[in-house]
Structures are given as C-alpha cells and as structure tokens.
Amino acid sequence: MKNPNPKLIVLTLFSTLTLMVGCDHDDDDNLSANIIINEGPDGDIGGDFTGNGGSTSETFEYQNGLATADYNADITASAGGIFQMIVKDADGTIVLDKSLNGNMEPDSFSGVTSSGTAGTWSVTINLTEFNGDGSFSLSEGD
C-alpha cells in the first residue's frame, strides 16, 4: 500500500476545519430588543418595545405628583420571551413588579400601583429573549 500524499492530508484537514468553523454560525448575532419612550416624563410616561429574541433593559424617570400611578402594558404580537415592568417611587421603594410571558395568556395587564412617595419615580422595562412588540404607559394615579 502506498503512503498517502502529505499535501492531500493537509488539504483535507484544512478543508474540514474550514467547514467546521464556517458552519458554526451563531444566530444570536442578529437578535435585538428595543424600548422607545414616546410620552413623558411629566405626569405620564409611555412607550413601545420590540424584539426578535433579544434582551435589553431601560430605566426612565418621570414626575408623579401623587402617591400612586395607573399602569398599563400590552403585548400586541409575541411568540416568546418575557416583558417586565418595575416601578419605584421617589424613595426607591418598589410599588409595582409585573411580567408578561410571550407564550401564554394574559397578554396585557393594568391597574394601580401600591401607594408610594410622590416625586421622581422610575420605571424599568426589562425584555428577556423577547420576540414581538407591545406598549406600556404610566400616569399619575388617584
């Protein structure tokens, strides 16, 4: 039996490694999630969010002259992931922490936060592996 050609062995190994590296494409590179504020920050705050499987977190401040806030969130089209809204009062106390899972009902929530301290409040929106779109809003409560 004849010895294999060393150039052929090197070429075969190089080709195999090139294919292995080239086929190891990570689809996560194109995932994204975005949150946009389109109302606020005095008295009311609201925005829209979208994602194609990506994750992000944004915190916004707004002025709330009352002790509570009315809140609303709606996922208008979602195939997966989690939307979370965390609201803190002027003292940094959490007055709301609610989530929606994109794979199950309900696809919206609304209500009034727990009572807190008036002043500069914050809302944190977390999107985790979120796939879809939706909107949220907060306004001074009663």
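Everything below is about the structure printed above this text.
The present account deals with the structure reproduced in this document. (Residues numbered from 1 in each chain as written. Predicted model: local features only at pLDDT ≥ 70, side-chain atom pairs only at ≥ 80, totals over all residues. Heavy atoms only, no water.)

Here we come to the overall build of the chain. The helix and strand inventory of the chain stands at one helix and six strands. Ordered by position in the sequence, the α and β elements of the chain form the string α-β-β-β-β-β-β. A separation of at least 24 residues holds for 70% of the contacts in the chain among residues at least 6 apart in sequence. When the accessible surface of the chain is split by element, carbon and sulfur atoms take 52% of a total near 8400 Å². (Helix = DSSP H or I, 4+ residues; strand = E, 2+ residues; numbered from the N terminus. Contact = heavy atoms within 4.5 Å. Areas by Shrake-Rupley, 256 points an atom, 1.4 Å probe, with all protein chains shown as cover.)

Within the secondary structure, Thr120 is located in strand β6 (residues 119-140). Its relative accessible area of 34% is what places Thr120 among the partly exposed residues. Spatially, the C-alpha atoms of Thr120 and Tyr62 are 5.6 Å apart, while their sequence positions differ by 58 residues. In this view, Thr120 contacts Glu61, Tyr62, Gln63, Asp89 and Ala90; residues no more than four positions away in its chain are not counted. (Buried < 20%, exposed > 50% of the residue type's maximum accessible area, 1.4 Å probe, protein only.)

This part takes up the nonpolar core. Counting residues in hydrophobic clusters, the biggest one holds 24 residues, and the most contacted among them are Phe83, Met85, Val87 and Leu138. Among the elements of the structure, β1 (33-39), β2 (44-64), β3 (69-88), β4 (94-101) and β6 are those that each provide at least two residues to this core. (Core = buried A, V, L, I, M, F, W, Y, C linked by side-chain atoms within 4.5 Å.)

It is worth spelling out the packing of aromatic side chains at this point. This structure, assessed with the given rule, holds five aromatic pairs. Judged by centre distance (6.5 Å) and plane angle (65 degrees), the ring pair of Tyr62 and Trp121 falls under edge-to-face. With Tyr62 in strand β2 and Trp121 in strand β6, this residue pair connects regions lying 59 residues apart in the sequence. The pair formed by Tyr62 and Trp121 is uniform in burial state, with each residue classed as buried. A centroid spacing of 5.8 Å and a plane angle of 65 degrees characterise the contact between Tyr71 and Phe109, whose relative ring orientation is edge-to-face. Of this pair, Tyr71 sits in strand β3 while Phe109 sits in strand β5 (residues 108-112), placing them 38 residues apart in sequence. Pair check on accessibility: Tyr71 and Phe109 agree, each one buried. An aromatic cluster of at least three residues, connected via ring pairs, comprises Phe49, Tyr71, Phe83, Phe109 and Phe130. The ring of Phe109 has Lys98 sitting right over it, with the charged end atom 5.9 Å from the ring centre. (Phe/Tyr/Trp six-rings, centres within 6.5 Å; stacked < 30°, edge-to-face > 60°. Lys NZ or Arg CZ within 6 Å of the ring centre and 35° of its normal.)

Read these as geometric descriptors, not functional statements.
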